[in-house]
Every structure is written in structure tokens, then in C-alpha cells.
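Each chain, letter by letter, is given below.
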Amino acid sequence: YTEIITNIAEIADDADENGNPVEDKDSTPDNNKDKEDDIDKEHIKLSYFDLALRKFITAVDNTAITDRVPVFKIDEDGNYIYEHTKEPVVVENGNIVTYTLRIFNEGTKAGYASSIKDDLPEGLLFLPENEINQTYRWVMLDKDGNPTKKVEEAVAIQTDYLSKEQEDQTGRDNLLQPFDSQTMKQPDYRDIQIAFQVTEPNTSDRILINKAQIADDQDKNGNPVVDKDSTPDKWIEGEDDQDIEKVKVKYFDLALRKWVTQAIVIENGKETITETGHKAEDDPEAPVKVEIVQSKLNKVVVKFRYKIRVTNEGEIAGYVKEISDYIPEGLKFVPEDNPKWKQVDGKVVTDQLKDTLLQPGESAEVEILLTWINSADNLGLK
């Protein structure tokens, strides 16, 4: 109950020294009039226990994240709110992500967040040997809620770092002091941290949601206490003793386009080059036509120059370590025309871009020159 409780006392009747009725000079007994001096009131307001938890990312590897810290405010209706973005932090597979859990005391009663729990979603790996995780005393729990040393069995982690027992043992001040909105800018709070490694594949487009909540609490004497608006260790949407945080894995995505740029005809030592005008974006690309007089089928050399463009359409920089080209029936690969390519297992490959780092949005191109096999039976679409 959060309202003020008012208790009123009044003289309801009086008598003189002989026990006879008597008139009070400035009061009327039992009339409940505030201004008279035979009546008085006293007010009490119940203290209440109310912890809140907010979760936010504060580092990815060695890079600090500073724009996700919750900002405490009191809205026009008197509600306590925390403003901080929940847009996913973009990470890469293998990154170490550090989360901060901040526990506030919004109540008027001092107490402890004696146990805090965090779930282990697929795609985030808990690191038992990590210095942060050891410092904050995180223990892995299996599906039955029992402690386990095996990472593969763990579905959640739990810590007593902020408990009264830990305060007694370490001398660390874990007691969360009451909040007074008239004298304090924000509720008293304590922070703990967790480190996870991102194991989600870089081909994934999932958003990884990690949940944390207060699993148990204590009053200032270490005794059980009831939170006025939350149920510890039970996820109930809308309660303020729980929060989520999100990450999204940067994806890797190389795209390839191939098109004909030139048709080359060599006749009697004379080379005629026809520019096709085609572009990588042509979809579909129109066939490139070369007309050969029947009588000259075996006297001309016809070549086609192709361009291959690789574009990084992903969010991670990367390399094109190798490109394969599959020679169509009716055309042949001439090594002298293509010194940067080599034949391997029925195809040709090149690694000429292996040292070219493509940033997101960047492209690189290679060329290959293929030669028509002269034959009256080798006409038509290739």
C-alpha cells in the first residue's frame, strides 16, 4: 500500500471531578472537527521493498560501448522509467560481448539482490574461465536448476555476488539504500557483469536475445522480503526486476556477376574487337552474336572476353580466396591467354584477388578469355 495512512483520535466524552457531565470551553466531544483541540491525527506511510534490473552491453572485445547506459527518469504520472536503446548491437562471430546488469532500489526499504540469474541463449557461449565471469561468481545451472561444471549442459547462470552473505565475507557494500525522490537524482544501484562469446554463424540473420532477472532478494537483515511489484525467479512480462539485451551477428555475403565484354575475331592476322556494351547488372544478359561465313569456319579465331565482378554485399570485410570458372562445351581455355588462371579438376581457377580485402560495399574484377572451337557442328548458343 503506497498511500498515506491517517489515524485520528478524539475525546468522545468528558466529566467533572464528580463524574458529572461538563462542557469543554472550546471543544465539542465526538464531533470530528479538525480545528478543535480535543482531536488530533497522526500519519504513517508503509515502507516497501522494490528492486529493478536493467541489462545493457558495455563492451565488444576491447571496444567500450557507452551509449546504452540506462537513464533514470520520473514521468508525469510519477512512474519510474529507464531510457536506453534496445536496438541490437551488431557483432561478429567470435566476439566477446560484455553485459552489465544494474540493480536499482526503487523502494523505501533497504535490501539486497541476493541472487541474479541470466539465461544462455543459443548463439552465445558462457566462458567459465573468463576473468569477468569468475570475478562475479557466476555458476552454471543445468535444465533441472542444479549446478554444473559442463558448459554443454548449462541453460542458465546464477550469482550471489550482491548478497548479504557476500557482503559479510568480503566487506563489500552490497546494501541497496532506500530511494527518496526528493533528495536523490536516481535510485541507489549496484552493477555486475557477464562475458559471452558469440558463436552464432556469420550466415545467420537472427537477433540473439539474452534475458536476466533477480532470482531472490533479502531485506537489510538478510531475511526474505516481498518485492511490491515483482516475482523473483519467474519471468512475467512487464515486471521491472527483469530485462533483455540484444545482439545481431554481422553477416558475410559475397556476390558474383559474370558478363561478356568483348567478342574478338582474328582473320588473316587482323584482329577485330567488338565491345558488347553489356554490364554486370544486365539480368538477363543478351547473347553476344558473332557471324562467321561458312567458307571461313576453319580460318578464323573467335574469342570471348568475360569479366567477373565480386561484390561484398555483407557487413564483414573479407577476401575472395579463389574463383572457379567452368568452361562450357564448345569453348576452350588457352593458358597463354590467361596467365593468372590454371586448370584444376576439369575447371579453371584463379587466386588473383586473394590479397585484396573487400570492405562492405566494395567490388573487384577479374577477366578470363575463352576461345571458340572451330567446327560447323559447334554453332549456336554457348
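Here the structure is a predicted model, which is why all the values come from computation and not from measurement.

Peer 1: Let's hear about the side chain of Ser 114: which residues, and what values?
Peer 2: One can find Ser 114 in strand β9 (residues 111-119). Within polar-contact distance, the side chain of Ser 114 engages the backbone nitrogen of Asp 217 at 3.3 Å.

Peer 1: Account for the pattern of salt bridges, naming residues and giving values.
Peer 2: Scanning the model with the defined rule gives 26 salt bridges in all. Of the charged contacts, one joins Lys 41 and Asp 34 as a salt bridge, the two residues approaching to 3.5 Å between their closest N and O atoms. On the accessibility criterion, Lys 41 (35% relative accessible area) is partly exposed. Residue Glu 365 pairs with Lys 307 through a salt bridge whose shortest N-O separation is 3.5 Å. Of this pair, Glu 365 sits in strand β25 (residues 363-372) while Lys 307 sits in strand β18 (residues 300-312), and the two are 58 residues apart along the sequence. Given the relative accessible area of 34%, Glu 365 is considered partly exposed. Take Lys 307: its relative accessible area is 24%, and that puts it in the partly exposed class. A cluster of three or more residues bridged by salt bridges with shared partners is formed by Arg 54, Arg 68, Lys 86, Asp 243 and Glu 245.

Peer 1: An account of the pairing of strand β13 (residues 188-198) is needed here, citing residue identities and associated values.
Peer 2: Two strands pair when backbone bridges link them, and strand β8 (residues 96-105) and β13 are joined in this way by ten bridges, in the antiparallel orientation. For Val 97, the partnering residue across the bridge sits in β13 and is Phe 196.

Peer 1: Which residues make up the sheet that holds β13, and what values do they have?
Peer 2: Across the sheet, five strands lie side by side as β4-β3-β8-β13-β10; this open sheet has antiparallel pairing. Taken across any chain shown, the strands that pair with only one partner, and hence form the sheet edges, are β4 (63-64) and β10 (124-126). Pairing between strand β3 (residues 51-60) and β4: two bridges, direction antiparallel. Note on β4: the bridge partner recorded for Ala 59 is Ala 64.

Peer 1: Go over the packing of aromatic side chains with me, naming the residues and quoting the values.
Peer 2: On inspection of all chains with the given rule, the structure shows nine aromatic pairs. Judged by centre distance (5.5 Å) and plane angle (85°), the rings of Phe 72 and Phe 179 are edge-to-face. Separated by 107 residues along the polypeptide, Phe 72 in strand β5 (residues 71-74) and Phe 179 in the loop between α2 (164-170) and β13 bring together distant segments of the chain. Each member of the pair, Phe 72 as well as Phe 179, is classed as buried. One aromatic cluster is present, built from ring pairs that chain together Phe 72, Tyr 80, Tyr 82, Phe 104, Phe 179 and Tyr 189. A cation sits over an aromatic face here: Lys 55 above Tyr 99, 4.7 Å from the ring centre. When the ring centre of Tyr 306 is taken as origin, the NZ or CZ atom of Lys 258, which lies over that ring, is 4.5 Å away.

Peer 1: Could you give an account of unusual backbone geometry, with specific residues and numbers?
Peer 2: Look at the link from Asp 283 to Pro 284: it is a cis peptide, with omega at 5°. Within the secondary structure layout, Pro 284 lies in the loop between β17 (270-275) and β18. Positive phi, normally seen in glycine, also occurs at Asp 61, with a value near 55°. Mapping Asp 61 onto the fold places it in the loop between β3 and β4. Positive phi values are uncommon outside glycine, yet Asp 345 reaches one of about 50°. Tracing the backbone shows Asp 345 in the loop between β22 (342-344) and β23 (347-350). In this structure Asp 345 comes out as exposed when scored by relative accessible area, which is 77%.

Peer 1: Explain the sheet that holds β22 to me, using residue names and the numbers behind them.
Peer 2: Spatially, the three strands line up as an open sheet ordered β20-β23-β22, and their pairing is antiparallel. Each edge of the open sheet carries a strand with a single partner, namely β20 (323-325) and β22. The mean inter-strand angle of the sheet, taken between neighbouring strand axes irrespective of direction, is 40°. Judged from the three bridges that link them, β22 and β23 form a sheet pairing that is antiparallel. Among the inter-strand pairings, Gln 343 is bridged to a residue of β23, identified as Val 348.

About the criteria used
- Residues numbered from 1 in each chain as written.
- Predicted model: local features only at pLDDT ≥ 70, side-chain atom pairs only at ≥ 80, totals over all residues.
- Heavy atoms only, no water.
- Helix = DSSP H or I, 4+ residues; strand = E, 2+ residues; numbered from the N terminus.
- Polar contact = N/O pair within 3.5 Å; in protein donor to acceptor, adjacent residues only side chain to side chain.
- Salt bridge = Lys/Arg side-chain N within 4 Å of Asp/Glu carboxyl O.
- Buried < 20%, exposed > 50% of the residue type's maximum accessible area, 1.4 Å probe, protein only.
- Pairing = 2+ DSSP bridges.
- Phe/Tyr/Trp six-rings, centres within 6.5 Å; stacked < 30°, edge-to-face > 60°.
- Lys NZ or Arg CZ within 6 Å of the ring centre and 35° of its normal.
- Axes fitted to C-alpha atoms, helices over the stretch in contact; angles between N-to-C directions.

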